[in-house]
Amino acid sequence: MIIVMKADLPADSSELNRIIETARAYPGITTEVHRVQGATRSLTEVYLLGPTGVVPSIKFEQFESVEKVVRITQKFRSIGRHDGAIDSVGFEYNGVRISQDSLHLFPGLCAVDTRENVGRTFAALERHGIVTARAGAYKPRTSPYDFQGRGAACLPWIFEAAGKHGIRIVAMEVTHEAQLDEIRAALASSGGATGVMLQIGTRNAQNFELLRAAGQQHEFPVLYKRGMGITIEESLNACEYIASGGNRRIVFCLRGVKSNLGDPHRNLVDFAQLPVVKRLTRLPVCVDPSHAVGRRDRSADGIQDLFHAAAQGVIAGANLLLVDVHPRPEEALCDGPQALTLDDLDELVEDIAIVRQAYEARVRLRKRRTERSS
Ligand code: PEP
Ligand code: MN
């Protein structure tokens, strides 16, 4: 059960305390207070957790400062598309608007290796007018003997290069809550040169403590990667852990699922589920063809499989495209076989522009058909 308080409730409201006391008087009920900053107003919500079936709504509706009491019968209460959804679709972060209508490319290094390679990669993005990038500092690897990322040591390289080349958002995986402080400190030392979108990787897709930590901070948006071996519903529930902490600036990312049925690709491409996520939730949706396909092979038409997979996502209305790029893929310390060269990136940018136009034409076609039949 969620008690939605009237907008702009003062933090020291005495009614809020009485509501919490009333709720806790019921056996087994605990409460959590969430403050949600929407586009135009701030909202306070009191979540009642436990056996709420016997708790009457009327008890709370009587309070002057209560707007409404919502019984949770719908799935995905915070991120879902249903009545009572309070935030508009999408969000703006560091001057970049991300929504279910926009498309942004986030190319970059899977794992940062040298200062020079970050600089070369971000310079290439600047030449294309791209202001959003990826850069991995903390790498959760399958084997403990593989390169684990440069960690906090490479954050200054990333943020300085981002500032120099006009990058406004860097998507960066975090594997532990403590890394948020390292990122904050390095960002502050760089004079706030850029913004960071925290990436929760597929290996942490159900690390509920990490998800809660990402949700309880409201500074950085979160790019949530679908778990490689779990259903869409399970992944969306994991996203609810982030959103229920009050951080609604979430992007959902499809990156393929683990199955030998995807061979010879690294994962089985799951981008056909993109429209499903857009229908069920208000979240912008990202596709990551690099981790889905995992190699630079070309098809009979000469086009890389990875480009074809990217196109599948974009023609279905993807809002973000996360792509591994490396100036010298053969020297990359992580995921070199799937990294595009800077020359490949030039082609990808043109290719994606063609596909995006095709998607927009498809949307216009559908609109015309709907108007004609109404
Ligand atoms: C990544 O994007 O660097 C990554 C490790 O991806 P995933 O979590 O999808 O495997
Ligand atoms: Mn990778």
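Residues numbered from 1 in each chain as written. Chains lettered and ligands numbered in written order. Predicted model: local features only at pLDDT ≥ 70, side-chain atom pairs only at ≥ 80, totals over all residues. Heavy atoms only, no water.

Chemist: Describe helix H1 (residues 14–24), with residues and values.
Modeler: Each α-helix winds once per 3.6 residues, and so residues spaced three or four apart point in a common direction. Listed in full, the buried residues belonging to H1 are Glu15, Leu16, Ile19, Ile20 and Ala23. Axial view of H1: buried residues confined to an arc of 140°, hence all on one face. In H1, the exposed residues that point more than 90 degrees away from the buried face are Glu21 and Arg24. The opening residue of H1, the one whose side-chain oxygen lies 3.3 Å from the backbone nitrogen of Glu15, is Ser13. (Buried < 20%, exposed > 50% of the residue type's maximum accessible area, 1.4 Å probe, protein only. Helix = DSSP H or I, 4+ residues; strand = E, 2+ residues; numbered from the N terminus. Arc of directions from axis to C-beta. Polar contact = N/O pair within 3.5 Å; in protein donor to acceptor, adjacent residues only side chain to side chain.)

Chemist: So what's going on with the coordination of the manganese ion (ligand 2)? Residues and values would help.
Modeler: For the manganese ion (ligand 2), the full set of protein donor atoms is Cys110 (SG), His291 (NE2) and Asp335 (OD), at a range of 1.9 to 2.3 Å. All donors to the manganese ion (ligand 2) come from one chain, and their sequence spacing reads C-x180-H-x43-D. Taken together, the positions of Cys110 in the loop between strand S7 (104–109) and helix H3 (115–127) and Asp335 in the loop between strand S14 (320–324) and helix H11 (342–373) put the pair 225 residues apart, joining distant regions of the chain. Each member of the pair Cys110 and Asp335 is classed as buried. (Donors = N, O, S within 2.8 Å, 3.2 Å for Na, K, Ca; no water.)

Chemist: I'd like a description of the nonpolar core, backed by residues and values.
Modeler: Soluble globular proteins tend to pack their nonpolar side chains together in the buried interior. Grouped together as the largest cluster of nonpolar side chains are 88 residues, with contacts concentrated most on Phe122, Ile158, Ile183 and Tyr224. Each residue touching Ile158, except ones within four places of it in the same chain, is listed here: Val112, Val118, Phe122, Ala135, Ala137, Val170 and Met172. Counting 17 residues, the second largest nonpolar core, distinct from the first, contains Leu16, Tyr26, Ile29 and Leu48. (Core = buried A, V, L, I, M, F, W, Y, C linked by side-chain atoms within 4.5 Å. Contact = heavy atoms within 4.5 Å.)

Chemist: Describe the side chain of His34, with residues and values.
Modeler: Along the chain, His34 turns up in strand S2 (residues 30–37). Note on His34: relative accessible area 7%, which makes it buried. One polar contact links His34 to Glu32, side chain to side chain, over a distance of 2.9 Å. Polar side-chain contacts of His34 include one of 2.5 Å to the backbone oxygen of Ser244. With residues up to four places along the chain from it excluded, the contact list for His34 reads Leu43, Thr44, Glu45, Tyr47, Ser244, Gly245 and Gly246.

Chemist: How would you sum up the environment of Ala309? Please name residues and give values.
Modeler: Checked against the element boundaries, Ala309 lands in helix H10 (residues 305–315). Separated by 172 residues in sequence, Ala309 and Ala137 have C-alpha atoms that sit 26 Å apart. Setting aside chain neighbours within four positions, we find Ala309 in contact with Phe271, Pro289 and Val293.

Chemist: Can you explain the site of ligand 1? Please cite residues and give values.
Modeler: As a matter of local geometry, ligand 1 sits amid Cys110, Arg134, Lys139, Glu173, Gln199, Gly201, Thr202, Arg203, Lys225, Arg255 and His291. Relative to its unbound accessible area of 290 Å², ligand 1 is 97% covered by the protein chains. Tallied by class, the residues present in the shell around ligand 1 amount to 1 nonpolar, 4 polar and 6 charged. (Near = heavy atom within 4 Å. Areas by Shrake-Rupley, 256 points an atom, 1.4 Å probe, with all protein chains shown as cover. Nonpolar A, V, L, I, M, F, W, Y, C, P; charged D, E, K, R; others polar.)

Chemist: Any chance you could break down the pairing of strand S1 (residues 2–5) for me, citing the residues and the numbers?
Modeler: On a regular strand, each side chain points to the face opposite its neighbour's, so the side chains alternate between the two faces of the sheet. Along S1, one buried face is formed by Ile2 and Val4 and the opposite face, lined by Ile3 and Met5, is buried too. With 4 bridges connecting them, S1 and strand S4 (residues 66–70) associate as antiparallel partners. Within the sheet, the bridge partner assigned to Val4 lies in S4 and is Lys68. Across 3 bridges, S1 lies against strand S3 (residues 42–49) in antiparallel orientation. (Pairing = 2+ DSSP bridges.)

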